[in-house]
Amino acid sequence: STLFPYTTLFRSGAVHEETERAGKNVLLLAEDDADMREYLVDSLSSEYKVVAVPDGGKALETAREINPDIIISDIVMPVLEGDELCRILKSSVDT
């Protein structure tokens, strides 16, 4: 499977255009532990188009950029913790 590094963010809409053709929902994964992130990407890639990021700050930025169908987040992460990420995302009609 492929790990999509956060440094290669997608053009707005490009992730969804690609996944519509593939028939997969977009899943944003926020996990700071590289081994766990890789394991989860490997486990979830058969069912979802997985976009993985290493911290809550990148998760917030990426969620606003790609508007994923599903978000899975660790709780304890650098930059922005998972519970705060969820609070911010839930408070915005755009996400």
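This write-up is about the structure you can find in this document.

Procedures and definitions
Residues numbered from 1 in each chain as written. Predicted model: local features only at pLDDT ≥ 70, side-chain atom pairs only at ≥ 80, totals over all residues. Heavy atoms only, no water. Buried < 20%, exposed > 50% of the residue type's maximum accessible area, 1.4 Å probe, protein only. Helix = DSSP H or I, 4+ residues; strand = E, 2+ residues; numbered from the N terminus. Arc of directions from axis to C-beta. Contact = heavy atoms within 4.5 Å. Pairing = 2+ DSSP bridges. Right-handed = clockwise from strand over helix to strand, strands pointing away.

## Some remarks on helix 4 (residues 82–90)
Then, in step 1: Listing the buried residues of helix 4 in full gives Gly-82, Leu-85, Ile-88 and Leu-89. End-on, the buried residues of helix 4 take up no more than an arc of 120 degrees, which puts them together on one face.
Then, in step 2: Looking at the packing, one finds that the buried side of helix 4 touches helix 3 (56–66) and strand 3 (70–73).

## Some thoughts on the pairing of strand 2 (residues 48–53)
Then, in step 1: With 5 of 6 residues buried, strand 2 is to be regarded as a mostly interior element.
Then, in step 2: Pairing of strand 1 (residues 25–30) with strand 2, which is carried by 6 bridges, proceeds in the parallel orientation. Paired with Ala-30 across the bridge in strand 2 is Val-53.
Then, in step 3: Crossover strand 1 to strand 2 through helix 2 (residues 34–44) is right-handed.

## Some thoughts on the environment of Asp-94
Then, in step 1: Position of Asp-94 relative to the elements: it lies in the segment after helix 4.
Then, in step 2: Separated by 30 residues in the primary sequence, Asp-94 and Arg-64 have C-alpha atoms spaced 7.6 Å apart.

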